[in-house]
Each structure stands twice: as structure tokens, then as C-alpha cells.
Amino acid sequence: AYCSADEKEGQFLNMPMGELEPMLAAVKDPALRHTLAFGIGIHHAGLDEADRVLVEKLFLGQSILVLVCTSTLAWGVNFPAH
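Thresholds, definitions, all that
Residues numbered from 1 in each chain as written. Predicted model: local features only at pLDDT ≥ 70, side-chain atom pairs only at ≥ 80, totals over all residues. Heavy atoms only, no water. Core = buried A, V, L, I, M, F, W, Y, C linked by side-chain atoms within 4.5 Å. Buried < 20%, exposed > 50% of the residue type's maximum accessible area, 1.4 Å probe, protein only. Helix = DSSP H or I, 4+ residues; strand = E, 2+ residues; numbered from the N terminus. pLDDT = per-residue confidence, 0-100. Contact = heavy atoms within 4.5 Å.

**A few points about the nonpolar core**
If you look at soluble globular proteins, the nonpolar side chains tend to sit buried side by side.
Step number 1: One finds Leu-20, Leu-32, Leu-36, Leu-58 and Ile-64 to be the most contacted residues of the largest nonpolar core, which totals 18 residues.
Step number 2: Counting residues per element, the ones that place at least two in this core are α2 (17–26), α3 (30–36) and α4 (49–60).
Step number 3: Take this core: its biggest share by element is four residues, from α4.

Have a look at this one:
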């Protein structure tokens, strides 16, 4: 909520918005689509698999700088998130 209230789209995004926009069009989850525009990913078991894979790719590539995830993912069981 803070990122949208601050209205600084892309503040945690480490890639040009023009490159992200086509990816956003394919995201099924509306909340994820909104937060990704700010460079913030959401990752949980309830996400569509394609959405989860996109978030993982963007985070591992350091294209998004913030990831909100489950404790299992944060502890590095699935991939290194800190």
C-alpha cells in the first residue's frame, strides 16, 4: 500500500519500465501486476505458476529489488532470497 500511496512507480525496479510492460500484460494476478510496476514481487503458493516463474526470474535477475514471500522461500529453501 505504501508504494502505491507514494505514487513513485518503478522505485524498486531495476529495469526500464518499457521492458516490464509486456510482462505485466501477461500477469494474471491483479495485485501482483500492480506491485511489479513498483519493482515489488509477491510470491506464494496461490499464484498461477507462470506468475510465480516470472517473479522468480525478475528477482533472481535483480530486475525487481523487493520480494514479499513465504518464510520457506525467504530462508533460501527454494532459491536464495534475503
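**Focus on the confidence of the model for the chain**
Step number 1: The predicted model of the chain averages 86 in pLDDT, with 83% of residues at 70 or higher.
Step number 2: Ranking the elements of the chain by mean pLDDT puts helix α1 (residues 2–6) last with 54 and α2 first with 96.

**Observations regarding the environment of Lys-28**
Step number 1: Relative to the helices and strands, Lys-28 resides in the loop between α2 and α3.
Step number 2: On a C-alpha basis, the gap between Lys-28 and Glu-49 in space is 9.9 Å, while along the polypeptide they are 21 residues apart.
Step number 3: Setting aside anything within four residues of it in sequence, one finds Lys-28 in contact with Arg-33, Asp-48, Ala-50 and Asp-51.

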